[in-house]
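In case you want the letters, here they are:
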Amino acid sequence: MASTTVVGLLGATGETGTSIVNGLLEAGGLTIIALTRPSSVSKPAAVALKDRGVEIRALDLKASQDDIVTSLKGVEVLISAIGPMEQLEQIPLATAAKTAGVKRFLPCGAMPVVPAGGIHMLRDVKEIVYNHIKTLHLPYTIVDVGWWYQIAFPPLPSGKIDYALGLPNPCLPGDGSQPNALTDLRDIGRYFAKIVVDDRTINKYVFVYNELHSPTQIFDLMEKLSGEKLDRQYDTLEELQAKIADARPKIAKDPTNFMLMVQQVSAEYLISWGIRGDNQPEYAKYLGYVTSKELYPDFKFKSFEAYLRDEVMAGKAKGVYDELRAKIVEMHKTH
Ligand SMILES: NC(=O)c1ccc[n+]([C@@H]2O[C@H](COP(=O)([O-])OP(=O)(O)OC[C@H]3O[C@@H](n4cnc5c(N)ncnc54)[C@H](OP(=O)(O)O)[C@@H]3O)[C@@H](O)[C@H]2O)c1
């Protein structure tokens, strides 16, 4: 591809999108357009991107196909990092991308490895989008990213690292022994910068990850680094299934209730990576993914241990989802 590839990015101000913008800017040689819903174009986060050389362009996914096609003018590679609740809005986007002549669409993946078909509601919604893309004969790449470092560690009894907790998950699923592939959120964009200019990834599922750690290993590591003793609570399959069974009928009655979604989605993840052991490279390969270790064996990253020691324990880590976090902490207290 030419060095001036034009990349359009939806969700550029979100957690995943921010990493992608940073990775693309760091790589250089790309023109980046943040495709932003009209109500958000003047938000401080969008304005800050403009100051870094990113074009901010309004795109309304609820507008007519003609309008969406117009918003995609000139975009060669389209990436979506849209929020979990808006996945199906990518269907008209994909149709418009085909009409607009987009050369490759990377719809919103960014999940751990989970098989389609009833294991995880978010995977199944995303697969609807992927199947739509395939019906269009639109070139695609699906990028899944493992589980973020930033949400992979439990709180300490002292409260010392509460400031950095992502979506806190203080339990160990099953017997805590399943290896789980982890990626530093900040590396996701660095992987994307390689993928979007790599023809080997066209029409492929790509699994990027840094390291594997089981929940037990993470609890051991946290005790070693902090000198504190952690309370180990194990969530059984039956307990997690009960959380899903509780949430499902309530979601059917109240489909936009975000906290109910979090309850179901969290339990489904814990079953998938924590008990089934889905989020592992060998299983990814079995499902047909090509992995970052095969594509980019020299990719440099900070180890999870170094991240915990030098950033989280040292009071220097940046948490994720500041607004949502408080709500989820409250939810964990009441369940
Ligand atoms: N692997 C993991 O460990 C992990 C962890 C968390 C999330 N994820 C995945 O990451 C993906 C992205 O989630 P996230 O948490 O990074 O997102 P997020 O922080 O919630 O941000 C969502 C972004 O999408 C934009 N957006 C929402 N609706 C839009 C619309 N209709 N039109 C255009 N833009 C819209 C938002 O822009 P505004 O400024 O307009 O609101 C925002 O920039 C999800 O699919 C999720 O499954 C993975």
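Bear in mind that the values here come from a model prediction, so they are computed numbers and not experimental data.

Novice: What is the right way to read the overall build of the protein from this model?
Specialist: Along the backbone of the protein there are 13 helices and 13 strands. Expected size for 335 residues packed as a compact globule is a radius of gyration near 20 Å; at 20 Å, the protein falls within 12% of this value. Summarising its shape, the C-alpha atoms of the protein cover approximately 55 × 45 × 40 Å along the three principal directions. Residue burial in the protein is summarised as follows: out of 335 residues, 51% are buried. Total accessible area on the protein is roughly 14700 Å²; 55% of this is exposed by carbon and sulfur atoms. For the protein, the separation between the mean place of its 37 positive charges and that of its 40 negative charges on side chains is 3 Å.

Novice: I tried to follow the packing of aromatic side chains on my own but got confused; where do I start?
Specialist: How two aromatic rings sit relative to each other is given by the distance of their centres and the angle of their planes. Across all of its chains, the model carries 14 aromatic pairs by this definition. Seen from their ring centres, Y140 and Y205 are 6.4 Å apart, and the 80° between their planes marks the pair as edge-to-face. Here Y140, found in the loop between α5 (121–135) and β6 (141–144), pairs with Y205, found in strand β10 (residues 204–207); they are 65 residues apart in sequence, far enough to count as distant. Looking at Y140, the relative accessible area reads 13%, which means it is buried. Through a chain of ring-to-ring contacts, the aromatic side chains of Y130, Y140, Y205, F207, Y209 and Y289 assemble into a single cluster. Sitting over the face of the ring of Y209, K293 holds its NZ or CZ atom 4.9 Å from the ring centroid.

Novice: Hey, could you run me through the site of the ligand in this one?
Specialist: Around the ligand there are 30 residues in total, and T16, R37, S40, K126 and Y321 lie nearest to it. Contacts to the ligand include G83, whose backbone N or O atom sits 3.4 Å from an oxygen atom. E89 places a polar side-chain atom, nitrogen or oxygen, 3.1 Å from a nitrogen atom of the ligand. Looking at the shell around the ligand, the elements that each hand over two or more residues are α1 (15–27), α5 and β7 (147–148). Counted by class, the shell around the ligand contains 15 nonpolar, nine polar and six charged residues.

Novice: I keep staring at the layout of surface pockets and nothing clicks. Help me out?
Specialist: To find leftover empty space, a probe the size of one water molecule is rolled over the atoms. Of the voids in this model, the second largest pocket is the one considered here, and its volume is about 270 Å³. What lines the second largest pocket is a set of 17 residues, among which T18, N22, L185, R186 and K318 lie closest to the centre. Among the secondary structure elements, those contributing two or more residues to the lining of the second largest pocket are α1, α6 (185–195) and α12 (304–312). It is α1 that contributes the most residues to the lining of the second largest pocket, six residues altogether.

Novice: Quick question: what am I supposed to make of the packing of helix α4 (residues 90–100) against α5 here?
Specialist: When two helices pack together, their arrangement is captured by the angle between the axes and the distance separating the axes. With their axes 9 Å apart at the nearest point, α4 and α5 run at an angle of 20° to one another. Classified by the angle between their axes, α4 and α5 sit roughly parallel to one another. Along this stretch, α4 crosses α5, giving a crossing that reads as right-handed. Within the contact between the two elements, α4 uses Q90, I91, A94 and T95 and α5 uses I128, V129, H132 and I133. Residues belonging to the contact of α4 with α5 are distributed by class as follows: five nonpolar, three polar and no charged.

Novice: I keep staring at the nonpolar core and nothing clicks. Help me out?
Specialist: Nonpolar side chains tend toward joint burial in soluble globular proteins. Ranked by internal contacts, the top residues of the largest apolar core, which has 67 residues, are L24, I79, F153, M222 and F304. Split by domain, this core shows at least three residues from each of two domains, domain 1 (6–147 + 184–207) and domain 2 (149–181 + 211–277 + 305–334). With residues near it in sequence (within four places) discarded, F153 still touches I161, A164, L165, I218, M222, F304, Y307, L308 and V312.

Novice: When you look at the pairing of strand β9 (residues 180–183) in this model, what are you seeing that I'm missing?
Specialist: Consecutive side chains along a regular strand alternate between the two faces of the sheet. Taking every second residue as pointing to the same face, both faces of β9 are buried, with N180 and L182 on one and A181 and T183 on the other. Inspection of the sheet shows β7 paired to β9 by two bridges, in the parallel sense. Residue pairing in the sheet places W147 in a bridge with L182 of β9. The pairing of β9 with strand β11 (residues 211–213) spans three bridges and is antiparallel. Note on β11: the bridge partner recorded for N180 is H213.

Novice: What am I meant to see in the sheet that holds β7 here?
Specialist: Sheets are built from strands that pair by backbone hydrogen bonding, the pairs being arranged parallel or antiparallel. Pairing is mixed in the open sheet, where three strands are placed in the order β7-β9-β11. Because the sheet does not close on itself, it has two edges, and the strands there are β7 and β11.

The rules behind these values
Residues numbered from 1 in each chain as written. Predicted model: local features only at pLDDT ≥ 70, side-chain atom pairs only at ≥ 80, totals over all residues. Heavy atoms only, no water. Helix = DSSP H or I, 4+ residues; strand = E, 2+ residues; numbered from the N terminus. Rg over C-alpha atoms; globule rule 2.2 N^0.38 Å. Buried < 20%, exposed > 50% of the residue type's maximum accessible area, 1.4 Å probe, protein only. Areas by Shrake-Rupley, 256 points an atom, 1.4 Å probe, with all protein chains shown as cover. Lys, Arg positive; Asp, Glu negative; His and termini not counted. Charge placed at Lys NZ, Arg CZ, Asp CG, Glu CD. Phe/Tyr/Trp six-rings, centres within 6.5 Å; stacked < 30°, edge-to-face > 60°. Lys NZ or Arg CZ within 6 Å of the ring centre and 35° of its normal. Near = heavy atom within 4 Å. Polar contact = N/O pair within 3.5 Å; in protein donor to acceptor, adjacent residues only side chain to side chain. Nonpolar A, V, L, I, M, F, W, Y, C, P; charged D, E, K, R; others polar. 1 Å grid on protein atoms, 1.4 Å probe; cavity = no way out; pocket = protein on both sides within 12 Å on 5 of 7 lines; lining within 4 Å. Points joined across faces, edges and corners; volume = space filled by probe spheres on them. Axes fitted to C-alpha atoms, helices over the stretch in contact; angles between N-to-C directions. Parallel < 35°, antiparallel > 145°, perpendicular 65-115°, else oblique. Left-handed = near helix turned anticlockwise from the far one by under 90°. Contact = heavy atoms within 4.5 Å. Core = buried A, V, L, I, M, F, W, Y, C linked by side-chain atoms within 4.5 Å. Domains from an automatic or database assignment. Pairing = 2+ DSSP bridges.

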